[in-house]
Amino acid sequence: MEEAQQEIKEIKKLKKMQLLWGNLLMLVTFLLLSYLLGNGKILFVTWVLVIFLLILTILSLYTLVTGTIIGTKNTRRVRAFDRKCWGEKKWKRNKIIEIVLYTVLGIGITALAFNTDLDSSHRNLSDFAFPFAGAWIGYNLGEIMRIAALKEQPANS
């Protein structure tokens, strides 16, 4: 039982570290998008996003098919723990949902890129800052709730 508590404490620590790195990545992404969109590079940003979604889809599909978790040592450990806690059936269902969402989002953005004249309109920072901030807040709340959901086992069970 002590071993399980130690594992949960370590996973909580690793998830908090991932949250910190995720926030740093979001900050860098926000600054990069601010710069690129401020200089009228919206079409470039759109295609980079589509390529990024394609890569995420391929990696998720590879993980679903092979069961191999891709990432750093800490990321693999956290994902293996989550997979064990969720169970194989729920893990596979979540992976399939992830792949479908990435695919639909990529197709939707590609369709918008072809059917919308992105370069002609002048956009300002607030056009993407508020949705980005909402996603950032949602990401943090979701991760904090997932960390808080990890319950430590009672000492005398």
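For the structure, see preceding data.
Here's what I pulled together on the structure shown here. All values derive from a computational prediction rather than experimental measurement.

### Some remarks on the packing of helix 1 (residues 2-38) against helix 5 (residues 126-149)
Piece 1. The contact between helix 1 and helix 5 brings their axes to 10 Å, and the two run at 175°. One element, helix 1, and the other, helix 5, form an angle in the roughly antiparallel class.
Piece 2. Classifying every residue of the contact of helix 1 with helix 5 gives 14 nonpolar, six polar and five charged.

### As for a nonpolar patch on the surface
Piece 1. Taken together, the side chains of Met17, Leu20, Trp21, Leu24, Leu27, Val28 and Leu31 present a nonpolar region at the surface, about 710 Å² in accessible area.
Piece 2. Structurally, Val28 is set in helix 1.

### Quick notes on the packing of aromatic side chains
Piece 1. Under the criterion given, the structure shown has three aromatic pairs.
Piece 2. Residues Phe30 and Phe132 carry aromatic rings whose centres are separated by 5.4 Å and whose planes lie at 45° to one another, so their mutual orientation is tilted. Of the two residues, Phe30 sits in helix 1 while Phe132 sits in helix 5, which places them 102 residues apart along the sequence.
Piece 3. Exposure remark for Phe132: the relative accessible area of 14% places this residue in the buried category.
Piece 4. Each member of the aromatic cluster is reached from another via a ring pair, and the members are Phe30, Phe132 and Trp136.
Piece 5. For the cation-ring pair, Arg83 lies above Trp91, with the distance from its terminal atom to the ring centre recorded as 3.8 Å.

The rules behind the values
- Residues numbered from 1 in each chain as written.
- Predicted model: local features only at pLDDT ≥ 70, side-chain atom pairs only at ≥ 80, totals over all residues.
- Heavy atoms only, no water.
- Axes fitted to C-alpha atoms, helices over the stretch in contact; angles between N-to-C directions.
- Helix = DSSP H or I, 4+ residues; strand = E, 2+ residues; numbered from the N terminus.
- Parallel < 35°, antiparallel > 145°, perpendicular 65-115°, else oblique.
- Nonpolar A, V, L, I, M, F, W, Y, C, P; charged D, E, K, R; others polar.
- Patch = residues over 30% accessible without salt bridge, like charges linked within 9 Å, V, L, I, M, F, W, Y side chains within 5 Å.
- Areas by Shrake-Rupley, 256 points an atom, 1.4 Å probe, with all protein chains shown as cover.
- Salt bridge = Lys/Arg side-chain N within 4 Å of Asp/Glu carboxyl O.
- Phe/Tyr/Trp six-rings, centres within 6.5 Å; stacked < 30°, edge-to-face > 60°.
- Buried < 20%, exposed > 50% of the residue type's maximum accessible area, 1.4 Å probe, protein only.
- Lys NZ or Arg CZ within 6 Å of the ring centre and 35° of its normal.

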